[in-house]
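Next come the chains, spelled out residue by residue.
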There are 2 protein chains.
Amino acid sequence: MAEKSLYNYRINPHEVDFTLRATVPALGSAILNTAGIDADGKGFGVQDLNADNFSWVLSRIAFEFDQRPKQSTDYTIATWISDYGRVLSTRNFTLTDANGVEFGRAVSQWAMINLSTRSAVDLSGVGKNHEGAIVDAPSPMERPRKIREVMPNTTFEHQVVYSDIDFNQHVNTMRYIEMMLNMLPLDRLTAEKAMRMDIHFLRECRYGQTLTIGCELCEEAALFEIISDADYVAVRAAIEWK
Amino acid sequence: MAEKSLYNYRINPHEVDFTLRATVPALGSAILNTAGIDADGKGFGVQDLNADNFSWVLSRIAFEFDQRPKQSTDYTIATWISDYGRVLSTRNFTLTDANGVEFGRAVSQWAMINLSTRSAVDLSGVGKNHEGAIVDAPSPMERPRKIREVMPNTTFEHQVVYSDIDFNQHVNTMRYIEMMLNMLPLDRLTAEKAMRMDIHFLRECRYGQTLTIGCELCEEAALFEIISDADYVAVRAAIEWK
């Protein structure tokens, strides 16, 4: 059976905010980058799948950060696929500093789509090509939660521009996360509290669309909803501070 | 005398656009990151200067990209300081692929500011602490050009949010570049043409300000101006396609 794979990173100057600690988008970006590199290196990444007219699409992800490391911190992301079902493959992550202290973790769930129909395919067939990568270790945290209806008390409109889109011409995951975080007051964003973020990607948004980002700010939590101008919910998310 | 320093990078999945080639902001970010890491490693980075209440501020930068490399390309950024005057220190870069082909280059000019007054200090005094890093090699391209008055034919308003700001609470350089590029039609951004971009940073913008980004689109060029709601010009830039 396969082993967890390890990737080394360092918190670069452009990845910190004015508290000099890594931003959540910077850590999230390193996590998603690790997923891409690991899948590519094992022969079932987006580039390999594209050759057969398939692709991976992120369906849900949850992050937990106990703390955000300071600039120049060296850290290691371990990643492994624990299991897959008919629709979703589960990829896990832990983030550990040079002293071996785990300061963050994530669980992501991915669907495989047919690029012509853009609908999910049954992983029990094509999924076999990543079966050899499965590691016998459970997810390091509770899997991404369903998010209930959001009742925004503030909204913001954003037109999707070139810098928001990825190789697919869809809004990239980190940009959605930034759009939501940017709705929060600065003191929530820079607090030295442990946090958990759950994100559910329901539909894709494209270049030129106008999105409405709604935020429902609560005592120790915030809920988010991103709605497209074609009137569908694209993303729902929740943050909890501890 | 010192030698050029080399740093190795790879074009990651999240750094490409839908042409599967690295975006200009992704390459620009690697260039600025290299500047930060090199200065830190040699003892005159922002963290060291901050201890003495000084900091580096980017005044002007020019990039040339003959082509944008494809995803997974390994490349090397060479960087060196060629000289400094009373106000500006000049740091240079070349970008070279694994076959030794140079596909890009940059010249950046930095002022040192006193963090209390936020005004430039005379480098002939404090600048001595980076004199040992000077390399006897000229800039690899024409230095950043002055940019004449801009007469925008389109404008866009943007309120500065958390994701736009850096460790200084000022808008970070790559975000300015993204704001300007996002004014261009997609076919300019994704064309396989060589390009040169010159950027002049005149004043800093802060969290919460509303910026007006103006673009004057010409045949084989574009000019940009970013104006703050306090009615000063913050940034001017020009792109030329060849």
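Residue indices begin from 1 for each chain and proceed along its sequence in written order. Here chains are named by letter from A upward and ligands by number from 1 upward, in the order in which they appear as written. With the structure being a predicted model, the display of local features is reserved for residues of pLDDT at least 70 and the display and counting of side-chain atom pairs for 80 or more, all residues being used for whole-chain, interface and lining totals. As a rule here, side-chain values come from all non-hydrogen atoms in the structure, and water together with hydrogens is ignored.

Q: Explain the pairing of strand E9 (residues 221-228) of chain A here, please?
A: Within a regular beta strand, the side chains point alternately toward one face of the sheet and then the other, so they alternate between its two faces. Residues and elements named next belong to chain A. Remark: exposure states derive from per-residue accessible area (1.4 Å probe, protein chains only) relative to the maximum for the residue type, with buried under 20%, exposed over 50%, and partly exposed in between. In this text, helices come from DSSP runs of H or I with a minimum length of four residues, and strands from runs of E with a minimum of two, each type numbered from the N-terminal end. Extensive coverage of E9 is indicated by the burial of six of its eight residues. Any two strands with at least two DSSP-identified bridges between them are counted as paired. Looking at chain direction, strand E8 (residues 210-217) and E9 are connected through seven bridges and run antiparallel. Bridging across to E9, Cys215 finds its partner in Phe224. Here E8 folds back onto E9 in antiparallel fashion, the turn holding three residues. By the bridge criterion, seven bridges tie E9 to strand E10 (residues 233-241) in an arrangement that is antiparallel. Bridged to Ile227 within E10 is Val233. From the end of E9 to the start of E10, which pair antiparallel, there are four residues, and Asp231 there has a positive phi angle of about 70°.

Q: What's the story with the sheet that holds strand E5 (residues 102-114) of chain B in this structure? I'm lost.
A: Two pairing modes exist for strands in a sheet, parallel and antiparallel, and in both the strands are linked by backbone hydrogen bonds. Residue and element names in this part refer to chain B. Spatially, E1-E3-E4-E5-E2-E7-E10-E9-E8-E6 is the arrangement adopted by the 10 strands of the open sheet, whose pairing is antiparallel. Edge positions in the sheet fall to strand E1 (5-10) and strand E6 (154-159), since each of these pairs with one other strand and no more. Taken over all neighbouring pairs, the strand axes of this sheet differ in orientation by 20° on average, direction set aside. Both strand E2 (residues 54-65) and strand E7 (residues 195-201) contribute to a ladder of six bridges, which runs antiparallel. What sits directly across from Arg60, in E7, is His200. Lines are fitted to the C-alpha atoms to define the axes, a helix being fitted only along its stretch in contact, and any angle between axes, read from their N-to-C directions, falls within 0 to 180 degrees.

Q: Teacher, can you tell me more about the relation of the copies chain A and chain B here?
A: These two copies of the chain differ by a rotation about an axis and a displacement along the same axis. Note on the copies: chain A fits chain B at an RMSD of 0.0 Å, the axial shift is 0.0 Å, and the rotation between them is 180°. Here the two chains are linked by the operation of a two-fold rotation axis. Closest approach to the rotation axis among the C-alpha atoms of chain A is made by His158 of chain A, whose C-alpha sits 4.9 Å away. Taken as a fraction of all interface residues of chain A, those also at the interface in chain B reach 97%, which identifies the copy contact as same-surface. Alignment of copies: least-squares fit on C-alpha atoms of residues with pLDDT of at least 70 in both copies. Throughout, a residue-residue contact means that at least one pair of heavy atoms, one from each residue, lies within 4.5 Å.

Q: For this particular structure, what's the right way to read helix H4 (residues 173-181) of chain B?
A: Turn by turn, an α-helix covers 3.6 residues, leaving residues three or four places apart pointing in a common direction. Taken across its nine residues, H4 of chain B has nine buried, putting it largely inside the fold. Polar contacts, as counted here, are pairs of nitrogen or oxygen atoms within 3.5 Å of one another; within protein the pair requires one atom able to donate a hydrogen and one able to accept it, and residues that are adjacent in sequence qualify only if both atoms are side-chain atoms. Its side-chain oxygen at 2.9 Å from the backbone nitrogen of Met174 of chain B, Asn172 of chain B defines the N-terminal cap of H4 of chain B.

Q: Is there a simple way to think about the sheet that holds strand E4 (residues 89-97) of chain A in this case?
A: All names here are of chain A. Pairing in this open sheet of 10 strands is antiparallel, and the strands run E1-E3-E4-E5-E2-E7-E10-E9-E8-E6 from one edge to the other. This sheet does not close on itself; its edge strands, each paired only once, are strand E1 (5-10) and strand E6 (154-159). Strand-to-strand, the axes of this sheet are offset by a mean angle of 20°, without reference to chain direction. Of the strands in this sheet, strand E2 (54-65), E6, strand E7 (195-201), E8, E9 and E10 touch helix H4 (residues 173-181), which is tilted by about 120° from E7.

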